[in-house]
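# Observations on the model geometry
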Amino acid sequence: MNGGEVKGVESPAEPLEWRFSQVFGERSAGEEVQEVDIISAIEFDKTGDHLATGDRGGRVVLFERTDKRDHGGYRRDLEMMDNPVRTHPEFRYKTEFQSHEPEFDYLKSLEIEEKINKIRWCQTANNALFLLSTNDKTIKFWKIQEKKVKKICDMNIDPSKATGNCNPACSIVKPYVTNGGCADRSYGYLSKDFALPAGSFAALHFPTFILNTKSNEGISKMLIKEYLFKVSARIDSYGTEKVQQMVHSNETSLSARCRRIYAHAHDYHINSISNNSDGETFISADDLRINLWNLEISNQSFNIVDVKPTNMEDLTEVITSSEFHPTHCNMLAYSSSKGSIRLIDLRQSALCDSHAKLFEGMEAPNSKSFFTEIIASISDIKFGKDGRYILSRDYMNLKLWDINMDSGPVATFQVHEYLRPKLCDLYENDSIFDKFECCLSGDGTRVATGSYSNLFRVFGCTAGSTEATTLEASKNPMRRQAAAPSRPRSISTFARVSRRGPESPAVDANGNAFDLSTKLLHLAWHPTENSVACAAANSLYMYFA
């Protein structure tokens, strides 16, 4: 699968041994979780050095990697690169900002939640980070950049040369009158008769200012520059030493600024956004439409997919997720509530009502029931890194699709098969409508998705692999593992459909009781390493292998 080719593996790789790395926002026993603190989106950037999370309170929190070592070219460092010491990735809190606020649509009498639905990283530029975040109605383009706090400090201070006419410890230069005294006037005041006695100043102590960029705080930059210029000019005119200003930038502060707001383009809730590989455009999708945007233009978008029927009573399916191809800027895929995936080509027509390829799994006729269409609805799709494969998640299974083979999925991984006898109960408490996300490893050899009881599952998807690991979002992720190893399955080729998962309908994946109130909906795989970040309520857990 790597590099776009299906490769047979004679001896499949051993299952990964997952270990706990870090946790942010861990709650103590008995602590009540606030609704606004529950994480609703997770996303790594392309380098894997930054991680962003969004929550139901409309906040975006950024983390940056700290364990990467910059090898400066020393021989010992270069030798260590040949035999690197295996260390787990470490992240630290970087900054956070309020992305969205609760709003009210007066025309439709509808409350708009501040909850962050999706986050997508954009290309970096000039050491600044850029990302898109969206709630149900509005998309925002953010720029996060470090700004230096400027500090003007005094120079050429030589107390030995100071005369009695000036005290070097003075923090503010005041205008002098004819008798050499100082007049008590406001700082920065320069009268027309201001004069410096010739020869009496060998050194001048300048004041120290902190330039505060906030409005109505501190002394404005313009006044300081004008003040320093006038004083320096007076000193030069008397032939004394020229006094210069030194700017120190020892401190930095992170600032997040909203560059653009893309609003009023969706009548229904936005369920996904995706960046294009061209770095200039992105798409946003709601239940019935997909719009194409230019990052530089916020007041105009192009509708490229519209599944809204003339009569809404004829509506049979809605769009559930969409994503651009990782390398081909003209291709994108979107999934539907009927369990199908459509691949479209923007070169065919401006309005892509017709698809280039259709991927859908066929269910046995005798297996249909009232819940068949509900559990077939796809909640998330992801392209593999090379764009050859698409991973989809419905309520019961993970499915891997080859874009060159539309007859059916090349692999199916059972996640919630043990819940099939309880579908009626799940329908009554609305758990059957939970939307679980999925992700692929950077090399495309493994897939992962979440489940109930704060569990997530990792499957190997290479030929011959029997890896099916269940992990818990806790500091001991392997404690829910079954004692008996999973029964090996024979998979002759990668293209052969495989099914792996629990077979007992009474228990979860490892014979444990499941808890529907704790569910792991959001997770992300590091783009280059075997590292997974997942959200359990308000806590962010990170694991490595």
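Computed from a predicted structure; not experimentally measured.

Cut-offs used in this document
- Residues numbered from 1 in each chain as written.
- Predicted model: local features only at pLDDT ≥ 70, side-chain atom pairs only at ≥ 80, totals over all residues.
- Heavy atoms only, no water.
- Helix = DSSP H or I, 4+ residues; strand = E, 2+ residues; numbered from the N terminus.
- Buried < 20%, exposed > 50% of the residue type's maximum accessible area, 1.4 Å probe, protein only.
- Contact = heavy atoms within 4.5 Å.
- Areas by Shrake-Rupley, 256 points an atom, 1.4 Å probe, with all protein chains shown as cover.
- Pairing = 2+ DSSP bridges.
- Axes fitted to C-alpha atoms, helices over the stretch in contact; angles between N-to-C directions.
- Salt bridge = Lys/Arg side-chain N within 4 Å of Asp/Glu carboxyl O.
- Core = buried A, V, L, I, M, F, W, Y, C linked by side-chain atoms within 4.5 Å.
- Phe/Tyr/Trp six-rings, centres within 6.5 Å; stacked < 30°, edge-to-face > 60°.
- pLDDT = per-residue confidence, 0-100.

Turning our eyes to something else, we now look at the overall build of the chain. Regarding its fold elements, the chain presents four helices and 32 strands. Burial statistics for the chain: of 545 residues in total, 45% are counted as buried. For the chain, the share of sequence-separated contacts (at least 6 apart) that also reach a separation of at least 24 residues comes to 60%. When the accessible surface of the chain is totalled, it reaches about 28,400 Å², and 49% of it is carbon and sulfur.

What follows deals with the sheet that holds strand 2 (residues 39–44). To summarise the sheet geometry, strands pair through backbone hydrogen bonds and adopt either a parallel or an antiparallel arrangement. With respect to topology, four strands assemble into an open sheet ordered 2-3-4-5, the strand pairing being antiparallel. The open sheet is flanked by strand 2 and strand 5 (91–98), the only strands paired with a single partner. Here the strands of the sheet are splayed against their neighbours by 20° on average, with no regard to which way each runs. As paired strands, strand 4 (residues 59–65) and strand 5 are joined by seven bridges and run antiparallel to one another. Bridge pairing links arginine 59 to glutamine 98 in strand 5.

Under the counting rule described, the total for this entry stands at 22 salt bridges. One salt bridge in this structure joins glutamate 529 and arginine 65, with 3.1 Å as the shortest N-O distance. Remark: arginine 65 occurs in strand 4 and glutamate 529 occurs in the loop between strand 30 (523–525) and strand 31 (531–536); sequence separation between them is 464 residues. Judged by relative accessible area, which is 28%, glutamate 529 ranks as partly exposed.

On the secondary structure map, glutamine 414 appears in strand 24 (residues 411–414). A relative accessible area of 13% places glutamine 414 in the buried class. Taking the C-alpha atoms as reference, glutamine 414 lies 9.9 Å from arginine 457; in sequence the two are 43 residues apart.

A few words now on the nonpolar core. Ranked by size, the top nonpolar core spans 17 residues in total, and within it Trp18, Phe456, Leu523 and Cys534 carry the most contacts. Elements with a minimum of two residues in this core: strand 27 (455–460), strand 30, strand 31 and strand 32 (539–544). Ranked by residue count, the leading element in this core is strand 31, at three residues. Among residues more than four places away in sequence, those in contact with phenylalanine 456 are Thr449, Gly450, Ser451, Thr469, Thr470, Leu471, Leu520, Leu523, Val532, Cys534 and Tyr543.

This part covers the environment of isoleucine 344. Tracing the backbone through its elements, the reader meets isoleucine 344 in strand 19 (residues 340–345). Taking C-alpha positions, isoleucine 344 is 9.4 Å from valine 305, a pair spaced 39 residues apart along the chain. Once you skip the residues sitting within four places of it in the chain, isoleucine 344 turns out to touch Val305, Asn330, Met331, Leu332, Tyr334, Cys352, Ser354, His355 and Ala356.

Let's shift gears to the packing of aromatic side chains. Both the distance between ring centres and the angle between the ring planes are used here to describe each pair of aromatic rings. Taken as a whole and assessed by the stated rule, the structure comprises 21 aromatic pairs. Summarising the aromatic geometry, the rings of phenylalanine 436 and tyrosine 452 are spaced 5.3 Å apart at their centres and angled 85° between planes, so their arrangement reads as edge-to-face. With a gap of 16 residues between them, phenylalanine 436 in the loop between helix 4 (423–428) and strand 25 (438–440) and tyrosine 452 in the loop between strand 26 (446–450) and strand 27 connect regions that are remote in the sequence. Site record: aromatic cluster; members linked through ring pairs are Phe20, Phe456, Tyr541 and Tyr543.

Okay, the confidence of the model for the chain next. The share of residues in the chain with pLDDT of 70 or more is 69%, and the mean pLDDT across the chain is 80. When pLDDT is averaged over each helix and strand of the chain, the minimum, 47, is found for strand 11 (residues 209–210) and the maximum, 98, for strand 8 (residues 118–121). Every residue in residues 185–190 scores below 50 in pLDDT, and together they form seven contacts with partners more than four places removed in sequence or on other chains. Confidence over residues 208–219 falls short of pLDDT 50; this stretch has 16 contacts with residues more than four positions distant or in other chains.

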